[in-house]
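Read off the chains here:
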Amino acid sequence: MTPIYDRVALIGLGLIAGSMAIAMREQGLAREIVGHARSAETRQVALEIGLVDRVFETAAEAVADADLIVLAVPVGAMAAVAEEIAPHLKPGATVTDVGSVKQAVVSAVAPHIPEGVHFIPGHPLAGTEHSGPRSGFATLFRNRWWLFAPLPGADEVAIRRLEGLVEAMGAKTERMDAAHHDLVLAVTSHTPHLIAYTMVGVADHLKRVTESEVVQYSAAGFRDFTRIAASDPTMWRDVFLQNKDAVLDILGRFTEELFVLQRAIRMGDGDHLFDYFTRTRAIRRGIIEAGQDTSAPDFGRSQTPAEQKAEG
């Protein structure tokens, strides 16, 4: 495939950036891939495993003469990184990000982007509980949505070029207003993660009472909670702090629903519980029909990591 960008600079070399690097290399989407990470160990590993062609000690050095710059750092670090790289961005370059929050990223990054450089906020709805330069794989984005929140007046050619890159990596693209994005993600990702962290925290407390039986005899539901709760703590700390209004809104709605179910259980209202579970079951079917998960009985648990990566 003809390269879409000559030089791509990845700022941050974890799961998302690493998967992008592998996918771009396999598809020939960039002539050169360079990178930067704060940790010297991460930089060394990324270079040793061929994730990038060159690695730099500073973000400013990495973005020099790059056509596409991907900010793959925690949301809380976006402002400082944007300020550092701003004087070194070449005219006509595109800057994007992969953060799970969009309004906060726009506020943090946009003021630092110089005239003539395109800033296109983005968010791939893909990931695992793993992190670090060795965690990436080429099929991570296959059949997953990559949302973009272009700013008013954004260059259409630059947007389409970036969309073409992620689509070539297997993703499906959609454009969405930043505020709407944050509300949607509060429902589909942020609040569920908070609930998972909370449930695992409850289990951590109870295991001291039950002599770790909640861990030893964990069932499928709890195992799924622990997988979610194993995600990067720094990233999720920043997500909750930067999207707190939407998360608190959805968390309030969740609490109200929980009280209704609590009352139904206390009152023995089986009809209400059955009707409620029937409605919510349909959501799962919709996700499967949309191709965003598998209907396999074990949810892929019996697969090897290599098989899971192959399926994306």
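Scroll up to find the structure.
Residues numbered from 1 in each chain as written. Predicted model: local features only at pLDDT ≥ 70, side-chain atom pairs only at ≥ 80, totals over all residues. Heavy atoms only, no water.

(A) Main features of unusual backbone geometry. In this model, Asp-65 sits at a positive phi of 65 degrees, which is unusual for a non-glycine residue. You can see Asp-65 is positioned in the loop between α3 (59–63) and β4 (68–71). For Asn-143, which is not glycine, the phi torsion reads 65 degrees and is therefore positive. The residue Asn-143 is located in the loop between β7 (122–124) and β8 (145–148) in this model. (Helix = DSSP H or I, 4+ residues; strand = E, 2+ residues; numbered from the N terminus.)

(B) Examining the pattern of salt bridges more closely. Summed over all chains, the structure comprises twelve salt bridges. Between Arg-7 and Glu-32 there is a salt bridge whose closest N-O contact spans 2.8 Å. Taken as a pair, Arg-7 in strand β1 (residues 5–11) and Glu-32 in strand β2 (residues 30–36) lie far apart in primary sequence, 25 residues in all. One exposure class covers both Arg-7 and Glu-32, and it is buried. Among the charged side chains, a salt-bridge network with shared partners connects Glu-156, Arg-160, Glu-163 and Arg-175. (Salt bridge = Lys/Arg side-chain N within 4 Å of Asp/Glu carboxyl O. Buried < 20%, exposed > 50% of the residue type's maximum accessible area, 1.4 Å probe, protein only.)

(C) Geometry of the environment of Ala-196. Mapping Ala-196 onto the fold places it in helix α7 (residues 178–210). Every residue in contact with Ala-196, bar those within four places of it in the chain, is listed here: Phe-225, Ile-228 and Ala-229. (Contact = heavy atoms within 4.5 Å.)

(D) Region of the structure containing the side chain of Asp-182. Here Asp-182 is to be found in helix α7. At 6.5 Å, Lys-102 is the nearest oppositely charged side chain to Asp-182, a buried residue that forms no salt bridge. (Lys, Arg positive; Asp, Glu negative; His and termini not counted.)

(E) Representation of the packing of helix α11 (residues 244–267) against helix α12 (residues 270–289) in the model. Direction vectors running N to C along α11 and α12 enclose 140 degrees, while the axes themselves pass 8 Å from each other. Here α12 runs oblique to α11, going by the angle between their axes. The two elements α11 and α12 cross, and the hand of that crossing is left-handed. Here Glu-257, Val-260, Leu-261, Ala-264 and Ile-265 of α11 come into contact with α12, specifically with His-272, Leu-273 and Tyr-276. Tallied by class, the residues present in the contact of α11 with α12 amount to six nonpolar, one polar and one charged. (Axes fitted to C-alpha atoms, helices over the stretch in contact; angles between N-to-C directions. Parallel < 35°, antiparallel > 145°, perpendicular 65-115°, else oblique. Left-handed = near helix turned anticlockwise from the far one by under 90°. Nonpolar A, V, L, I, M, F, W, Y, C, P; charged D, E, K, R; others polar.)

(F) Molecular detail of the layout of surface pockets. The space that makes up the second largest pocket amounts to roughly 210 Å³. Residue lining of the second largest pocket: 16 residues in total, with Val-117, His-118, Phe-119, Leu-151 and Ala-154 positioned closest to the centre. Secondary-structure elements contributing two or more residues to the lining of the second largest pocket are β6 (118–120) and α6 (156–168). Take the lining of the second largest pocket: its biggest share by element is three residues, from β6. (1 Å grid on protein atoms, 1.4 Å probe; cavity = no way out; pocket = protein on both sides within 12 Å on 5 of 7 lines; lining within 4 Å. Points joined across faces, edges and corners; volume = space filled by probe spheres on them.)

(G) Structural detail: the sheet that holds β6. The strand order β3-β2-β1-β4-β5-β6 describes an open sheet built from six strands, whose pairing is parallel. Only two strands of the sheet have a single neighbouring strand rather than two, namely β3 (54–56) and β6. For this sheet, the mean angle separating the axes of adjacent strands, direction not counted, is 20 degrees. Pairing analysis gives three bridges linking strand β5 (residues 94–97) to β6, with the strands arranged parallel. By the bridge assignment, Val-95 is partnered in β6 with Phe-119. Here helix α4 (residues 78–85) sits on the sheet and contacts β1, β4 and β5; the angle it forms with β4, its principal contact strand, is near 155 degrees. (Pairing = 2+ DSSP bridges.)

(H) Here's a closer look at the nonpolar core. Membership of the largest hydrophobic core comes to 36 residues, with the highest contact counts inside it found for Leu-10, Met-20, Met-24, Trp-146 and Met-169. Mapped by element, the contributors of at least two residues to this core are β1, α1 (15–27), β2, β4, β8 and α6. Of all the elements, α1 adds the most residues to this core, at seven residues. Setting aside residues up to four positions removed in sequence, Met-24 forms contacts with Val-8, Leu-10, Leu-29, Ala-30, Ile-33, Leu-165 and Met-169. In terms of nonpolar packing, the next biggest core, distinct from the first, is built from 34 residues, Phe-56, Val-73, Ala-93 and Ala-246 among them. (Core = buried A, V, L, I, M, F, W, Y, C linked by side-chain atoms within 4.5 Å.)

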